[in-house]
Amino acid sequence: MNREKALGMVKEHLTEHRYIHTCGVMETSIELAKRYGADEKKAEIAAIFHDYAKFRDKEEMQTIIVEEKLDQELLLYNSELWHAPVGALLVEREVGIQDEDILNAIRYHTSGKEEMTILDKVIYLADYIEPNRQFPGVEEVRELAKESLDQGLLKALQNTMTFLMKKNQAIYPDTFRFYNGLILNKRR
Ligand code: DGI
Ligand code: FE
Ligand code: FE
């Protein structure tokens, strides 16, 4: 699928703000894919569709999680996590994308998981550092991302987990596994 067609398909599902974010993730994903050796075309398509389900009704996402037998534990955690696995399913079903590498990058873009491919990591990090993002700590992660994919990810995860913990929010197990994997790999 070409970029224009993909952007046109996703645009009707997003707000203006989220569409601008999506374009930023697309540009940053391609840069990171070049730098760290992921498939640039897959990175482009995964980035364009990564937030496809962001504005679905909670009830619709809940029904999909139950009926499609996604991880039922998701229902215990922040509903912000749901748009990633639900998005992967809907992008396959409604857009017709079948490439598992692309679908996985969408599926794990919010939580991460223990074993992430380079493409999964590229999308996760691009989502965090794309140029329209403005929050404390993002500049430090942008700098780290120029030198090391894993160092950038580690700082991004530390920021996110600290942020969630300060708000008394639970940390989804895959997020912990992603974090632990990065720490344990680094020591190897
Ligand atoms: O969709 P975006 O806003 O572009 O970014 P995202 O897909 O990374 O979603 C971020 C949201 O997900 C943010 O509100 C924090 C939440 N989140 C991420 N990891 C976890 C989490 N929430 C909980 N409870 N636990 C997590 O591990
Ligand atoms: Fe998202
Ligand atoms: Fe996003």
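Quick note: structure is the one above.
This structure is a prediction, so every number in the text was calculated from the model and none was measured.

Participant: I'd like a rundown of the overall build of the chain, residues and numbers included.
Facilitator: Of the regular secondary structure elements, the chain holds 10 helices and zero strands. Ordered by position in the sequence, the α and β elements of the chain form the string α-α-α-α-α-α-α-α-α-α. At 16 Å, the chain has a C-alpha radius of gyration in line with the 16 Å of a compact globule built from 188 residues. Taking the principal axes of its C-alpha atoms as reference, the chain extends roughly 40 × 35 × 30 Å. Considering the chain as a whole, with its 188 residues, one finds that 48% of them fall into the buried category. In the chain, of all internal contacts separated by at least 6 residues, the share reaching a separation of at least 24 is 61%. On the chain, roughly 9700 Å² of surface is accessible, and the fraction owed to carbon and sulfur atoms is 48%.

Participant: Let's hear about the coordination of the iron ion (ligand 2): which residues, and what values?
Facilitator: Ideal geometry at a metal gives 109.5 degrees between four tetrahedral donors and either 90 or 180 degrees between six octahedral ones. Distances from the iron ion (ligand 2) to its protein donors, namely Asp51 (OD), His83 (NE2) and His109 (NE2), fall within the range 2.1 Å. Here the donor residues of the iron ion (ligand 2) share one chain and are spaced in sequence as D-x31-H-x25-H. Separating the iron ion (ligand 2) from the iron ion (ligand 3) is a gap of 3.6 Å, bridged by Asp51, which donates to each. One end of the pair, Asp51, is in the loop between helix H3 (40–49) and helix H4 (58–67); the other, His109, is in the loop between helix H6 (100–107) and helix H7 (118–129), and 58 residues separate them in sequence. According to the relative accessible area criterion, Asp51 is buried, its value standing at 2%.

Participant: Residues and numbers for the nonpolar core, please.
Facilitator: In terms of nonpolar packing, the biggest core is built from 62 residues, with Phe49, Val86, Val91, Ile97 and Leu125 touching the most fellow members. Take this core: its biggest share by element is eight residues, from H7. Dropping the residues within four chain positions of it, Phe49 is found in contact with Met1, Ala6, Met9, Val10, Val91, Val95, Ile97 and Ile106.

Participant: Provide a residue-level description of the layout of surface pockets, including the pertinent values.
Facilitator: Approximately 890 Å³ is the volume found for the largest pocket. Tyr128, Arg133, Thr160, Phe163 and Leu164 are, among the 31 residues lining the largest pocket, the residues nearest its centre. Looking at the lining of the largest pocket, the elements that each hand over two or more residues are helix H2 (16–36), H7 and helix H9 (149–166). Sorting elements by how many residues they give to the lining of the largest pocket places H9 first, with six residues. A class-by-class count of the residues in the lining of the largest pocket yields 11 nonpolar, 13 polar and seven charged.

Basis of the calculations
- Residues numbered from 1 in each chain as written.
- Chains lettered and ligands numbered in written order.
- Predicted model: local features only at pLDDT ≥ 70, side-chain atom pairs only at ≥ 80, totals over all residues.
- Heavy atoms only, no water.
- Helix = DSSP H or I, 4+ residues; strand = E, 2+ residues; numbered from the N terminus.
- Rg over C-alpha atoms; globule rule 2.2 N^0.38 Å.
- Buried < 20%, exposed > 50% of the residue type's maximum accessible area, 1.4 Å probe, protein only.
- Contact = heavy atoms within 4.5 Å.
- Areas by Shrake-Rupley, 256 points an atom, 1.4 Å probe, with all protein chains shown as cover.
- Donors = N, O, S within 2.8 Å, 3.2 Å for Na, K, Ca; no water.
- Core = buried A, V, L, I, M, F, W, Y, C linked by side-chain atoms within 4.5 Å.
- 1 Å grid on protein atoms, 1.4 Å probe; cavity = no way out; pocket = protein on both sides within 12 Å on 5 of 7 lines; lining within 4 Å.
- Points joined across faces, edges and corners; volume = space filled by probe spheres on them.
- Nonpolar A, V, L, I, M, F, W, Y, C, P; charged D, E, K, R; others polar.

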